[in-house]
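# Results of the structural survey
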Amino acid sequence: KRIFLGTTYRGAFVCLGGISGVKLVQLRILFLSLSNTYETLIEQLHMEEHIVEQFTQRDGVYSSYQIAAATDKINRFYPNYIINNVPSIFLPALETNSIVIGNTEASANLELKKWETRQKAEELGFVLPEVLEECTLNTVSTSYTDTIFVKPKGVDLYHQAWKIPAGTNIKENHNIQFPSDIPAYVEADVQHDIQVDCCFTIHNGSYTINQIIAHNSQGNEKILLGGSETWKQEIEQVTLTEEQESIVTPLFNNWLNYAATLGGSYQGCVTTGLKGTNLYWYEQNSRKGTHTSFTGKGQDWLNSLILDSSESSKTSWSYNL
């Protein structure tokens, strides 16, 4: 099992928070994540007198290919809680009694198995970008003259989308950067009016939508080589009209009603493109995204992943681009 609640830690009960008259026990918490994800939350947890450490790709943890270093860190730090924010990592048996908070295999696959996930999204009412080609990551056709997006089909080291802008030397700037035999597909650029992201918290079969964010991103952060160095500064938030909200909100609820049935305790984000009245499916990230800053109490955030997802409504994240 990946999540155990109400456990004991070396003989002392770990209070899960929110119980009147009970003093909270100092917790040891280890975050496994990309950098620039939890730093501001960790500062808050330190202020609440918890002992917190973060282990990122800079320390050698990024995917299931590199879990030995993370396991060693866990066994030495002996945390009460492990926040596993890397969907491709499934930890082996540990020497500790740590509570692992993160994805189930099924919820992780919503991010990792993009080909399968897009089919489910269509069933639930989203429009899919046109598939131009099925190939491998290193054999994308070099004949494209318009912007395209390339995505791996299944679980591998490169579980993310890549933008190839019009005019790119596809062979040099993309194909030769990848090993062979990684199944992939190419999607046409939707050229959306606005990108719409739905940030959520899932716990124990229920979900809470934390924020629906619309902005003018065109995906330049996904360019492999030679991308815009100012992509963060280029993104501006957009206010949805009532009509646009009426289009996107029911579809996000449709999706999250399904996603919650797959289990896990995690924060995530669904990324879409709104063009006219059509909401195009891009992907789900089954993890907390980067480039945001935390506001609120760390205990409320933790409670949202161990007690009730609605506790996340007491906290907020804002882009720190």
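Structure: above.
A short tour of the structure in this document, coming up. Values in this document were obtained by computation on a predicted structure and should not be read as measured data. (Residues numbered from 1 in each chain as written. Predicted model: local features only at pLDDT ≥ 70, side-chain atom pairs only at ≥ 80, totals over all residues. Heavy atoms only, no water.)

A count of helices and strands for the chain gives 8 helices and 17 strands. Sorting the 321 residues of the chain into buried and exposed places 50% on the buried side. Sequence-distant contacts, at least 24 apart, represent 66% of the contacts inside the chain between residues at least 6 apart. Counting every atom, the chain has about 14,600 Å² of accessible surface; 47% of that belongs to carbon and sulfur. (Helix = DSSP H or I, 4+ residues; strand = E, 2+ residues; numbered from the N terminus. Buried < 20%, exposed > 50% of the residue type's maximum accessible area, 1.4 Å probe, protein only. Contact = heavy atoms within 4.5 Å. Areas by Shrake-Rupley, 256 points an atom, 1.4 Å probe, with all protein chains shown as cover.)

What follows concerns empty space enclosed by the protein. A full pass over the atoms with the stated rule returns 4 cavities of 30 Å³ or more. What the largest cavity holds in volume is close to 60 Å³. As for the largest cavity, its lining consists of 14 residues, and the residues nearest its centre are Tyr38, Ile83, Asn85, Tyr266 and Gln267. Taken together, the elements giving at least two residues each to the lining of the largest cavity come down to β5 (81-84), β14 (265-275) and α8 (298-306). Sort the elements by how many residues they give to the lining of the largest cavity and β14 lands first, with 3 residues. (1 Å grid on protein atoms, 1.4 Å probe; cavity = no way out; pocket = protein on both sides within 12 Å on 5 of 7 lines; lining within 4 Å. Points joined across faces, edges and corners; volume = space filled by probe spheres on them.)

Tallied over the entire structure, the rule returns 12 aromatic pairs. Ring geometry for Tyr38 against Trp301: centres 5.8 Å apart, planes inclined by 70 degrees, an arrangement best described as edge-to-face. Remark: Trp301 occurs in helix α8 and Tyr38 occurs in the loop between β3 (28-32) and α1 (39-47); sequence separation between them is 263 residues. Like Tyr38, the residue Trp301 is buried in the burial classification. (Phe/Tyr/Trp six-rings, centres within 6.5 Å; stacked < 30°, edge-to-face > 60°.)

Across the sheet, which stays open at both edges, the 5 strands sit in the order β13-β12-β11-β14-β15 with antiparallel pairing between neighbours. Edge strands, defined here as strands with exactly one partner in the open sheet, are β13 (237-238) and β15 (278-285). For β14 and β15, the ladder comprises 7 bridges, and the chain directions are antiparallel. Its bridge partner lying in β15, Thr272 is registered against Trp281. In the packing of helix α3 (residues 105-112) onto the sheet, contacts are made with β14 and β15, and the angle to β15 comes to roughly 120 degrees. (Pairing = 2+ DSSP bridges. Axes fitted to C-alpha atoms, helices over the stretch in contact; angles between N-to-C directions.)

This brings us to the pairing of strand β4 (residues 51-55). By the bridge criterion, 5 bridges tie β3 to β4 in an arrangement that is parallel. Each bridged residue has a counterpart across the sheet, and for Leu30 the counterpart in β4 is Glu53.

Ranked by size, the top nonpolar core spans 24 residues in total, and within it Phe126, Val196, Phe252 and Trp255 carry the most contacts. For this core, the secondary structure elements donating two or more residues are β11 (194-203), α7 (242-260), β14 and β15. For this core, the element with the most residues is α7, which contributes 8 residues. With sequence-adjacent residues up to four places away left out, Phe126 is seen in contact with Ala121, Leu251, Phe252, Trp255, Thr272, Leu279 and Trp281. In terms of nonpolar packing, the next biggest core, distinct from the first, is built from 18 residues, Phe31, Ile99, Trp301 and Ile306 among them. (Core = buried A, V, L, I, M, F, W, Y, C linked by side-chain atoms within 4.5 Å.)

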